[in-house]
Structures are given as structure tokens and as C-alpha cells.
Amino acid sequence: MELTNALQKFAITYKKDTPTNLKIVDFYLVYIMLSGIFQFIYMATVGTFPYNAFLAGFISTVGSFVLAVNLRIQTNGQNKDMFKTISPERSFADFVICSLLLHFFCVNYIG
């Protein structure tokens, strides 16, 4: 009973107070997390024959999640005092450049 009330209050507050750009980043975080879970379950059930491919995919998923969390932290309006010199546009540019580098290394790791 208390859990459902807490979840309902959280959902209402989240919909009302969270800006749209943070909701989009949150949706991306959920997608990346589910993708990593699916990769791990697939590896556990099917096997690890192309182990390089599994490692590259899983590292890409974890790295993308970490980069997106950093993007969310830096673009959150409540954290403006912590990131005074970093604009949201710069945060997004950093995210894009680091994502490109991450995926470049992951593709090269596959072989």
C-alpha cells in the first residue's frame, strides 16, 4: 500500500517537475540498461563463442550508460552551481564526441 502510494507520488512529481530534455535522457538510460541486460542474458543462455563481440557490445553499453548519466547530471538545472562554466550545449557536444570515441574503440576491439 505504501509502496504504491510512493510510486504514484513519484510518477506524478516526475511528470510535473522534470524537464523534457531530462526525460529523453532518462528514456535513453532505460533503453541502454535493458540492452545491456538483454546482452548479458543472451550470453548466459547461448554462450560466449565470439567473446570479443560480447565484450565489445557490453562495454559499449556500459560506457554509453555512464556517458549518458554524466550528460544528465551536467544538464540538470538543479546542478547549475556545480557546472557554472559548462553549458548544456557543451555537455551534449562532450557526450557526442566521447560516444564516438567509445564506439570507435569497441568496433576496433571486435577485430
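See above for the structure.
Overview of the structure. Keep in mind the model is a prediction, meaning the values are calculated, not measured.

The subject of this paragraph is the packing of helix H3 (residues 51–75) against helix H4 (residues 88–110). To describe two helices that pack against each other, one gives the angle between their axes and the distance between the axes. For the pair H3 and H4, the least separation of the axes is 9 Å and the interaxial angle reads 175 degrees. The angle between H3 and H4 falls in the class roughly antiparallel. Classifying every residue of the contact of H3 with H4 gives 15 nonpolar, 9 polar and no charged.

In this section: H4. With 23 residues, H4 ought to run about 33 Å at 1.5 Å a step, and its terminal C-alpha atoms sit 33 Å apart, in line with that. Tucked inside the fold, the buried residues of H4 contact helix H2 (20–46) and H3. Looking one or two places after H4, you find Gly111, whose phi comes out positive at around 110 degrees.

The next subject is the side chain of Asp26. For Asp26, the position within the fold is in helix H2. On the basis of relative accessible area, Asp26 is assigned to the buried category, the value being 14%.

Time to look at the nonpolar core. Listed in full, the 9 residues of the largest apolar core are Val25, Leu29, Ala56, Leu67, Ala68, Leu71, Phe95, Leu102 and Cys106. Counting only elements with at least two residues in this core, the list comes to H2, H3 and H4. Among residues more than four places away in sequence, those in contact with Leu71 are Val25, Ser91, Phe92 and Phe95.

The next subject is the environment of Arg72. Note that Arg72 resides in helix H3. Taking the C-alpha atoms as reference points, Arg72 and Val25, separated by 47 residues in sequence, lie 6.5 Å from one another. Setting aside residues up to four positions removed in sequence, Arg72 forms contacts with Thr18, Leu22, Val25, Asp26 and Leu29.

Scanning the model with the defined rule gives 0 disulfides in all. Distance from the sulfur of Cys98, which forms no disulfide, to the nearest cysteine sulfur (Cys106) is 13 Å. Among the residues examined, Cys106 registers a relative accessible area of 8% and is labelled buried.

Now for the environment of Gln78. In this structure, Gln78 sits in the loop between H3 and H4. Sequence-wise, Gln78 and Ile110 are 32 residues apart; in three dimensions their C-alpha atoms are separated by 40 Å.

Criteria and cut-off values
- Residues numbered from 1 in each chain as written.
- Predicted model: local features only at pLDDT ≥ 70, side-chain atom pairs only at ≥ 80, totals over all residues.
- Heavy atoms only, no water.
- Axes fitted to C-alpha atoms, helices over the stretch in contact; angles between N-to-C directions.
- Helix = DSSP H or I, 4+ residues; strand = E, 2+ residues; numbered from the N terminus.
- Parallel < 35°, antiparallel > 145°, perpendicular 65-115°, else oblique.
- Nonpolar A, V, L, I, M, F, W, Y, C, P; charged D, E, K, R; others polar.
- Expected span 1.5 Å × (residues − 1).
- Contact = heavy atoms within 4.5 Å.
- Buried < 20%, exposed > 50% of the residue type's maximum accessible area, 1.4 Å probe, protein only.
- Core = buried A, V, L, I, M, F, W, Y, C linked by side-chain atoms within 4.5 Å.
- Disulfide = S-S within 2.5 Å.

Take it as geometry only, folks, not as evidence of what the structure does.
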